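Inside the fold
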Amino acid sequence: MFDKLATTALALILAAGGATAQEQITLRFAHLFPQSHYFWEHGGKVFVEALEAKTDGKVETSVFPAAQLGKDSLAVLQSGLADIVTLVPSYSPDKLPLTSVSELPGFHDTTCEGVAKLWHIIQDGAPLDQAEYAPQGLHPLFVAHQPTYKVLTSKKQVRAIGDLAGLKLRANGAAIGSLVRGAGAVPVSMSSGEVFDAMMRGTVDGTLLPYYTLPIYGLEDVVDYAYEGAELGGGSVVFAMSDKAWQALPDDMKTRFTEAAAEAQDKLCSYQDELEKSVRDEFAAGDKVTISSASEADLAEWQQHFDKNAADWAQGMEKQGRPGQAILDAFKSGAQ
């Protein structure tokens, strides 16, 4: 069964070595999301359709959604079960630890800002690619991000940092967990889909997520308060291809892949930013969710937390023998 799954039409390229743009290429694209999820609908699907159009149908893609080939996307890719996958760095902190730099607070507000900074250091030959992706046989095609998190709570309104004390908040990833802990709250790790039940049962008092996730996960029924203004970080997703498959492509095909990926990256982040604004405006105009904004004094205090969080992150990576400071410096100097 494994051999049958692993044998793809991409093998035609690998075997031929001198493949040309005229040969038919079939790729297997495995991702973690339902087909209706915005990461697929406005990102992965855009890439697939753009690629097929730019290659005049010379590239076809078989899609395997919702972790059909396995939940460990990196293993799925490296085993040959798929040629392209979605990687969620916060789900694989042991395998993609340096990519968690993209989750650090204080560096982006909108989705497209986060995407630009991450892409600056992860694209082919960039510092993060050389340190973490190329050594594992990965070729990043494009990235996705989230707009900065807001503190979304049920029973207690957060108006300032001090109001976080003692609250149990869903906060995934080491960087976000460290920030929440430093602010006096208790971070709890869980998937976005588990937040509704956890808030209903009182397992957590709230969550750090963007506004647009409220209707996606039904959280508008359990969230009464939102706290915004501080750049609290956000999660990222990397759409990656195996480097073996990438190197087997003819140069003109690589160009078309790159163009299709850039188009998908652009459209996805723009969609997310538009959605975030529209959902936020809807809540601000209604009476269901009460929105509080961080004061100037609060933002100054947050900045102290952000600086410490970034320094601790870099130091922690260096202790593991990883180039944390170099990656952080590159991330700071990323596209504005």
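Okay, so let's go over this structure. (Residues numbered from 1 in each chain as written. Predicted model: local features only at pLDDT ≥ 70, side-chain atom pairs only at ≥ 80, totals over all residues. Heavy atoms only, no water.)

1. Some words on the pattern of salt bridges
Enumeration according to the criterion identifies 10 salt bridges in this entry. Between Glu-263 and Lys-54 there is a salt bridge whose closest N-O contact spans 3.7 Å. Highlighted residues: Glu-263 in helix H11 (residues 251-285) and Lys-54 in helix H3 (residues 38-54), separated in sequence by 209 residues. Overall, Glu-263 belongs to the partly exposed group, its relative accessible area being 27%. With its nearest N and O atoms 2.7 Å apart, the salt bridge here joins Glu-276 to Lys-150. Of this pair, Glu-276 sits in helix H11 while Lys-150 is found in strand S5 (residues 150-153), placing the two residues 126 residues apart along the sequence. Given a relative accessible area of 8%, Lys-150 falls into the buried group. Taken together, the shared-partner salt bridges in this structure form one network comprising Lys-54, Glu-263 and Lys-267. (Salt bridge = Lys/Arg side-chain N within 4 Å of Asp/Glu carboxyl O. Helix = DSSP H or I, 4+ residues; strand = E, 2+ residues; numbered from the N terminus. Buried < 20%, exposed > 50% of the residue type's maximum accessible area, 1.4 Å probe, protein only.)

2. What to know about the packing of aromatic side chains
Under the defined criterion, the tally for this structure stands at 11 aromatic pairs. Measuring from ring centre to ring centre gives 5.1 Å for Tyr-38 and Tyr-212, while their planes differ by 80°; the resulting arrangement is edge-to-face. Of the two residues, Tyr-38 is situated in helix H3 and Tyr-212 in the loop between strand S8 (206-209) and helix H9 (213-216); the sequence distance between them amounts to 174 residues. Residue class for Tyr-38 comes out buried when judged on its relative accessible area of 6%. (Phe/Tyr/Trp six-rings, centres within 6.5 Å; stacked < 30°, edge-to-face > 60°.)

3. Some details on the sheet that holds S5
Strands sit in the order S7-S6-S8-S5-S9-S11 across an open sheet of 6 strands; the sheet is mixed. Only two strands of the sheet have a single neighbouring strand rather than two, namely strand S7 (186-188) and strand S11 (290-293). Each neighbouring strand pair of the sheet contributes to a mean axis angle of 25°, computed without reference to strand direction. Sheet analysis places strand S9 (residues 225-228) next to S11, joined by 4 bridges and oriented parallel. Among the inter-strand pairings, Glu-228 is bridged to a residue of S11, identified as Ser-293. (Pairing = 2+ DSSP bridges. Axes fitted to C-alpha atoms, helices over the stretch in contact; angles between N-to-C directions.)

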